[in-house]
Each structure stands twice: as C-alpha cells, then as structure tokens.
Amino acid sequence: MLSFRARLFLAFALLWLLFLGGAWYLAGRSVDQALKRRLEATLAQDALRAAEAYRKGQAGALLTTGGVYLHLYAQDGTPLALTRPDHRLPPERLRRAGPTPEVLWEEGFAAALVATPLGLLVLTAETSPIEAALEALREALLRAFLLLFPLGLALVYLTARLAARPLEAVAREITRRSPDRLDPVPHRLPKDEFGRMVEAVNALLQALKEAKERERAFLAEASHELRTPLTVLLGHLDRLGRNPMDLEALRTARATAERMRRLVEDLLALARGEVERNLNLHIVDLGEVAREAALEYGVAAEAESAEVLGDPDRLLQLLRNLVANAVRAAGKEGVRVRVRREADHALLEVEDSGPGIPEDLLPRLFQRFARGPGGGTGLGLAIAHAIAKAHGGEIAVESRPGRTVFRVRLPLLEEEA
C-alpha cells in the first residue's frame, strides 16, 4: 500500500506529464496551423496579382513572393507552362478553378488556382519549409520537456513532502500513543479537510477522556457507597455473633442489607442501561402509583386519576426515589405528593419544605452521585431522570429555601387507545 506522500507525488507527476504533453501537442498544432494559414494567404495574394497582370497583358512584369512557382493550364487542363513539373495538378483538381483563388494542399506542396482570360493559372509553393519549422519546433520542445520534466518532478516531490509532513507528524504522534493517553493531538494543520479530521479526533479523545474520568468517579463513588453500609452490616453481625437475641442489631442489619440491595440494583440499572430498555408496558393509573408510594413512606398525597402507558414497577421506583429524597430533606410531615391532568400530560409533583438545593448543584442534579442536602447515594435522581425519559416524559426541579418541587410530565394515554 502506497503512502499518502507517494500517492500525492504520483498524482502531481501525472498531472505534470499531462500538462507538458498537452502543451507539446497544442504548441505544435498551433504553429502548424499558423504556418499553413500564412502560406495560404501568400499564395492567394500572389494568385490575385498574377490574375490581374494576365488580364492587363502584363504577365511579363509579374513578380511573386519568393519560393512561389507559376504554372499555366488550358481550360481543359492541358499544361501550357510548368515551372515545376513535379507540382503538376490532375485535371479533376483543376476544374475547381474560378475567378477567386482557391488553395489546395497536395503531397509536398500547396497550390492556389485562379481562372484568367489566358487559361488556368496555378501558383505552387513547397511545404518542406513548414515541415522543417515543425521539426525544429519538436526538437526544441523535446529538449524543453527533457529539462522541465525532471525539474517539475523535483518540485512535485518537494511539494508533496511539504504537504504531507504535518499529517505524517500527526500519524506518528497517534501511533506512539498508548490507549491510556487521551490528551489532544498537537498539530499545525490548516483548517482544511485534514485539519478538521484531526480536530474531530481530538474531540473524540476529549469525549473518551471525560467518559473515562466519569467511569473512575463512578467506581470510586460506588465503592464508597458500598463500603459504608458493609461496615455497618459487619458491625451489627458481629453484635449478633456475641448476642444472637439482639433484635435491634438484627433490624438494623436487615435495613442495611436492604439499602445495599437497592444501591446495587440502582448501580446495575444505570451501568447496563436497563432503565431505558425492557419496559413492561401497561395502562397505568399514575394517581394510584402516587398513592401507593405516599402510603409506603407515610406522606400526604393528592392524586387524581391519570392513565399513562408505562411500566408500573419503574414508575413506582421513580416515585419512591423522589419521595425518599424529599423525606430525607424535610421529614414525612414536610412532604406532599400531587398528581393531576394538565392538557395532554399527566403532571406528578413531589414537594418538600426542606432547606432547598444549592443553586450550583441544580444543573447537574440528575447526574450520577450528585447529592442534595438531604444526603443519599446520589443515584435516585439519576434513576428517576432515566425512567421519565424512557417513558417519553421529562423531569424538572424548582428549589428555594423552604420549598423544593420535582415535576414529572408524562404523556397521557389517548382515549382512542
């Protein structure tokens, strides 16, 4: 496989060869046509002068351009005077003679025919000077070609080398890199196709770097979140080992194990993308789901019937995550759940009277491990956001000290459906 520089060199060399060949052909053709037109004009001019002299009876004083030979034929084509016998024209060619000169091209000479009162006047001129001039031109062009072609190849090679050097430097830089090195590739390419290609590679490297950093942060946060309940669980198990009848330790161990199970399920759901896939769709009354979640956490609920097409388990998980966050922030008494119909959407609201969410946290609140002031794993809101998106809805938050409202809008089920 040829390198880019070699392909560029061959392309430029072919173009240079075609240019020189085309120039050679066009120059020869142009000179040939110019010389022939010049000879035709000379013969026609001399033929007019000769015809005029013959009409006036001044044939003896006729002077022609150098290298032109005069011939006279009878009207039937019989030669009367041939200055150059080898320039004789056949009778069928002579029939074309008229009062206006006509130039004919024969083998080795050109002839101008014109009719006069004394007969058919023919002026001829050899074409060997034209051939000699063309031969000299071809030799000159050949010498120019032999000089310019290698010189042009050298310039083409230099141009290809200079054009390919920045791209080759980028290729070497990328080849030397290890999979762990994701910083941008330095380059000095212009803003052309290659420059934009390297910029696209740099953008991809930046995206990979950010994804890798998020992966490391995810693993670190997951390890941290699992380490804390594991430590608590092991401590209570140790207490149970010393006192098997310690019911408080048993309840705490069960609650901790349940928290770990929920955390692991959330981690797996986010990592596998299962939130967006494998939805078990049914007609779901969002009001009933809201009342169930509110009853589970012991909070107030105002929920009217609003049917949506969705996965009841996932929607219940969304409610649980929002309500659990609200309860941690404001306690059971400070949380209220509402569901109502709004145009063609079902609007779910979870409101709490907690301290609010810091303003700098709001833009990244639905990212993994973005914790609010109430604590938690930082996964619940990311799960809720993914569930709402998977159902074709959206989730938003409005917060200030003393009032935080999470709003989820889901498409209502059409009555025809």
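Before reading on, note that the structure itself is shown above.
From a predicted model like this one, the values you see are computed outputs, not experimental measurements. (Residues numbered from 1 in each chain as written. Predicted model: local features only at pLDDT ≥ 70, side-chain atom pairs only at ≥ 80, totals over all residues. Heavy atoms only, no water.)

1. Regarding the overall build of the protein
In terms of helices and strands, the protein carries eight helices and twelve strands. With 417 residues in all, the protein has 35% of them scored as buried. Carbon and sulfur atoms make up 57% of the accessible area of the protein, which amounts to about 24,400 Å² in all. (Helix = DSSP H or I, 4+ residues; strand = E, 2+ residues; numbered from the N terminus. Buried < 20%, exposed > 50% of the residue type's maximum accessible area, 1.4 Å probe, protein only. Areas by Shrake-Rupley, 256 points an atom, 1.4 Å probe, with all protein chains shown as cover.)

2. A look at unusual backbone geometry
The backbone of A343 shows a phi angle near 55°, a positive value even though the residue is not glycine. On the secondary structure map, A343 appears in the loop between β9 (335–342) and β10 (345–352). What makes A343 exposed here is its relative accessible area of 77%.

3. Considerations on the pairing of strand β1 (residues 68–73)
Looking at chain direction, β1 and strand β5 (residues 119–126) are connected through six bridges and run antiparallel. In the sheet register, V68 faces β5, and the bridge partner there is A125. Two elements, β1 and strand β2 (residues 79–82), share three bridges in a ladder whose sense is antiparallel. Counterpart to L72 in the pairing with β2 is A81. Counting the residues in the hairpin turn of β1 and β2 gives five residues, including G77, whose phi is positive at 95°. (Pairing = 2+ DSSP bridges.)

4. Here we look at the pattern of salt bridges
According to the stated counting rule, one finds 17 salt bridges in the structure shown. A salt bridge links K36 to D32; the shortest N-O distance between them is 3.6 Å. Pair noted here: K36 and D32 are both in helix α1 (residues 4–55), with a separation of four residues, about one helical turn. The exposure class assigned to D32 is buried, which follows from its relative accessible area of 18%. R93 is the partner of E106 in a salt bridge, and the nearest nitrogen-oxygen pair spans 2.6 Å. In this pair, E106 sits in strand β3 (residues 102–106) while R93 sits in helix α2 (residues 91–94), placing the two residues 13 residues apart along the sequence. The class of E106 is partly exposed, set by a relative accessible area of 24%. Among the residues examined, R93 registers a relative accessible area of 23% and is labelled partly exposed. (Salt bridge = Lys/Arg side-chain N within 4 Å of Asp/Glu carboxyl O.)

5. Examining helix α8 (residues 380–390)
Burial analysis of α8 places eight of its eleven residues in the buried class, the great majority of the element. All of the buried residues in α8 are G380, L381, A382, I383, A384, A386, I387 and A388. Positive backbone phi, at 75°, marks G392, one or two positions downstream of α8.

6. Here's the deal with the side chain of T127
Tracing the backbone through its elements, the reader meets T127 in the loop between β5 and α3 (128–176). Those residues in contact with T127 that sit more than four places away from it in its chain are L39, W105, G108, F109 and A110. (Contact = heavy atoms within 4.5 Å.)

7. Observations regarding the pairing of β9
With four bridges connecting them, strand β7 (residues 300–303) and β9 associate as parallel partners. The residue bridging A300 from the neighbouring strand is R336, located in β9. Bridge analysis of β9 against β10 gives eight bridges, and the strand direction is antiparallel. Across the sheet, the residue bridging to R338 is E349, located in β10. Connecting the antiparallel pair β9 and β10 is a turn made up of two residues, with A343 showing a positive phi of about 55°.

Keep in mind these numbers describe shape, not what the thing actually does.
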